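# Structure assessment
Spelled out, the chains give:
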Amino acid sequence: MKIGGQPYRTIWLAQDGGSVCVIDQTRLPFRFETVTLTTVEQAAEAIRSMIVRGAPLIGATAAYGVALALREDPSDAALDAALVLLGATRPTAVNLHWALARMNRRVAGLKLRVRAQAAYAEAALICDEDVALCRAIGEHGLPLIRAIAARKPAGEPVNILTHCNAGWLATVDWGTALAPIYLAHDAGIPIHVWVDETRPRNQGAALTAYELGAHGVPHTVIVDNAGGHLMQRGAVDMVIVGTDRTTATGDVANKIGTYLKALAAHDNGVPFYVALPSPTIDWSLEDGLRDIPIEERSAKEVTHLTGMSEAGAGESFQVAAPGSPAANPAFDVTPARLVTGLITERGISPATRAGLAGLFPEMAHGAAA
Ligand code: MRU
């Protein structure tokens, strides 16, 4: 995607060929700044503090984190320590563990002197693959939008509601939920996106609105509580969200508040789609409510708002009554029965074990074995 006319991915190798550059998402939408990661500790901190975020990008950053560790010290002990450090950064996005397991498989059996080089190559491959997977998700999701457009009076936009940020900033490029939207917009289909602000960290208002605006996609930011009302009024044609972990049976963990949107969509007959690359499927899990670990984040994200003052300074304000405790579960689980379909790189599947196994037989059988 382009920022100021210049094409960017969200993660890339620095000029020195060893350090890793990322976009600092804690500064967006007000400042576009990049951060250079030179150690595995910095990579872990970038994930933990949400300089980078979004399930696929977390996985890609962790992969490069392993490479950074091995260029420092290619020993088994350093590899193990890197896997533990990076694996403990955020609990819900399964792409993190998928990427670490893949990196370990790639380098563990190699001689020490070639490990770092192999790790960098594998991390680059993970990034390139993510771009291709997201683009394919876009291509499979596009006909859904086209079909709705065909049923509407000519020129009337397809209204799509999305939650959190599942755009190119959450991946290496393209995004998951936003990939079909970008392709539809580029194909000339009139689109309008309802952007949930996504409290408490406002990934919708800050990041989704930023990237849709940069690409020229018409959109409107709404408070998280407005979605149900808009669906009752017929102002939402479909919902597309991303996911941080989806079980083999189609239960979907995504940013807190997603479940309420799914309930409202179900009540109003609005199709509710989830877009995901296959590394987001946790083939080992059956029951999302019971088995998916839900990250609990700092209460301060709830009690305080951060933003930019009119004078242009970053500021944090307390909005909750001083002394009141706050709880901050960062994700929820939408049961498969509320999901109309899963948009993957291989096509659209019902949110069922049979549907996913039909698209990914090699994974489903591997998990069962
Ligand atoms: O806490 P975040 O900002 O990392 O949460 C991100 C989301 O919930 C996204 O919607 C999800 O990772 C899917 S992104 C492609």
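Preceding this paragraph is the structure being described.
Heads up: these notes are all about the structure in this document. For every chain, the first residue of the written sequence is number 1, and numbering continues from 1 onward in sequence order. Given that the model is predicted, a residue must reach a pLDDT of at least 70 before its local features are reported, and side-chain atom pairs must reach 80 or more before they are shown or counted; all residues, however, enter totals for whole chains, interfaces and linings. Just so you know, side-chain values use all the structure's heavy atoms and leave hydrogens and water out.

### Digging into the side chain of histidine 304
Position of histidine 304 relative to the elements: it lies in strand S14 (residues 304-308). Using a 1.4 Å probe on the protein chains alone, a residue whose accessible area is under 20% of its type maximum counts as buried, one over 50% counts as exposed, and one in between counts as partly exposed. For histidine 304, a relative accessible area of 18% puts it in the buried group. Two N or O atoms form a polar contact when they lie within 3.5 Å of each other; inside protein one atom must be a possible hydrogen donor and the other a possible acceptor, and for residues adjacent in sequence the pair counts only when both atoms belong to side chains. Separated by 2.8 Å, the side chains of histidine 304 and threonine 303 make a polar contact. Each residue touching histidine 304, except ones within four places of it in the same chain, is listed here: Arg199, Ser316, Phe317, Gln318 and Val319. Counting from the N terminus, the helices are DSSP H or I runs at least four residues long and the strands are E runs at least two residues long. Any two residues whose heavy atoms approach within 4.5 Å are treated as being in contact.

### A closer look at the packing of helix H1 (residues 40-48) against helix H2 (residues 55-72)
Orientation is described by axes fitted as lines to C-alpha atoms, over the contacting stretch for helices, and by angles from 0 to 180 degrees between their N-to-C directions. Remark: H1 packs on H2, axes separated minimally by 8 Å, with the N-to-C direction vectors making an angle of 165°. In terms of axis orientation, H1 runs roughly antiparallel to H2. The two elements H1 and H2 meet at a crossing, and its hand is left-handed. In contact with Val40, Ala43 and Ile47 of H1, H2 contributes Ile58, Thr61, Ala62, Gly65, Leu68 and Ala69. Convention used here: angles under 35 degrees read as roughly parallel, angles over 145 as roughly antiparallel, angles from 65 to 115 as roughly perpendicular, and any remaining angle as oblique. For any helix crossing, the convention is left-handed if the near helix is rotated counterclockwise from the far helix by under a right angle, and right-handed if that rotation is clockwise.

### Considerations on the sheet that holds strand S13 (residues 281-282)
Pairing between strands is defined by DSSP: at least two bridges between them are needed. Pairing in this open sheet of 4 strands is mixed, and the strands run S13-S10-S11-S16 from one edge to the other. In the strand order of this sheet, the two ends are held by S13 and strand S16 (331-334), each with one partner. The pairing of strand S10 (residues 245-247) with S13 spans 2 bridges and is parallel. From the neighbouring strand, threonine 247 faces S13, where its bridge partner is aspartate 282. Across the sheet, helix H9 (residues 258-268) touches strand S11 (252-255) and S16, and the angle it forms with S16 is around 30°.

### Remarks on the site of the ligand
Here a residue is near a molecule or strand as soon as one of its heavy atoms is found within 4 Å of it. Taken together, 19 residues lie near the ligand, and Arg53, Arg90, Gln203, Asp244 and Lys255 sit nearest. Measuring from an oxygen atom of the ligand, one finds a backbone N or O atom of glycine 54 at 3.0 Å. Within the side chain of lysine 255, a nitrogen or oxygen atom sits 2.6 Å from an oxygen atom of the ligand. Accessible surface area values rest on a Shrake-Rupley calculation with a 1.4 Å probe, where residue burial reflects the displayed protein chains alone. In isolation the ligand has 410 Å² of accessible area, and contact with the protein removes 100% of it. Residues were grouped as follows: Ala, Val, Leu, Ile, Met, Phe, Trp, Tyr, Cys and Pro as nonpolar; Asp, Glu, Lys and Arg as charged; and all remaining residues, including Gly, as polar. Split into classes, the residues belonging to the shell around the ligand amount to 7 nonpolar, 8 polar and 4 charged.

### Side note on the environment of isoleucine 11
Note on placement: isoleucine 11 falls in strand S3 (residues 11-13). Once residues within four sequence positions are removed from consideration, isoleucine 11 is found in contact with Val20, Cys21, Val22, Leu57, Ala60, Thr61, Tyr64, Cys127 and Val172.

### Topic: the pattern of salt bridges
A pair is scored as a salt bridge if a Lys or Arg side-chain nitrogen falls within 4 Å of a carboxyl oxygen belonging to Asp or Glu. What the rule picks out here adds up to 20 salt bridges. Between glutamate 122 and arginine 102 there is a salt bridge, and its shortest N-O distance comes to 2.8 Å. Taken as a pair, glutamate 122 in helix H5 (residues 112-151) and arginine 102 in helix H4 (residues 94-107) lie far apart in primary sequence, 20 residues in all. Note on glutamate 122: relative accessible area 10%, which makes it buried. Residues lysine 152 and glutamate 156 are paired through a salt bridge, measuring 3.9 Å at the closest nitrogen-oxygen approach. Overall, the relative accessible area of 16% leaves lysine 152 in the buried class. By sharing partners, the salt bridges in this structure join Arg90, Arg201, Glu295, Arg297 and Glu301 into a single network.

### Some details on the nonpolar core
With 81 residues, the main nonpolar core has Ile11, Ile145, Ile181 and Ile191 as its most contacted residues. Broken down by element, the residue count for this core peaks at 15 residues, all from H5. For this core, the domains that each give at least three residues are domain 1 (2-129) and domain 2 (140-368). Think of a nonpolar core as a cluster: buried Ala, Val, Leu, Ile, Met, Phe, Trp, Tyr and Cys residues, connected wherever their side-chain atoms sit within 4.5 Å. Trp194, Leu230, Ala235 and Ala264 belong to the second-largest nonpolar core, a separate cluster that totals 30 residues. What fixes the domain bounds is an automatic or database domain assignment.

### Points about the pairing of strand S6 (residues 158-162)
Burial of S6 is extensive: 5 of the 5 residues sit out of reach of the surface. Neither face of S6 is left uncovered, since the one carrying Val158, Ile160 and Thr162 and the one carrying Asn159 and Leu161 both have all their residues buried. Relative to strand S7 (residues 191-196), S6 runs parallel, the two sharing 5 bridges. Its bridge partner lying in S7, asparagine 159 is registered against histidine 192. The definition of a right-handed crossover adopted here requires that, viewed with the strands pointing away, the path from the first strand over the helix to the second runs clockwise. Crossover S6 to S7 through helix H6 (residues 178-186) is right-handed. Where S6 meets strand S9 (residues 238-241), 2 bridges bridge the pair, whose relative direction is parallel.

### A closer look at the packing of H1 against helix H3 (residues 76-87)
Working note: a packed helix pair is described by the angle between its axes plus the distance between those axes. Contact pair H1 / H3: the axes reach a minimum separation of 9 Å and the direction vectors enclose 15°. Classified by the interaxial angle, the pair formed by H1 and H3 is roughly parallel. Considering the relative orientation of H1 and H3, their crossing is right-handed. Residues Val40, Glu41, Ala43, Ala44, Ile47 and Arg48 of H1 form the contact with H3, whose own contacting residues are Ala82, Leu85 and Leu86. Split into classes, the residues belonging to the contact of H1 with H3 amount to 7 nonpolar, no polar and 2 charged.

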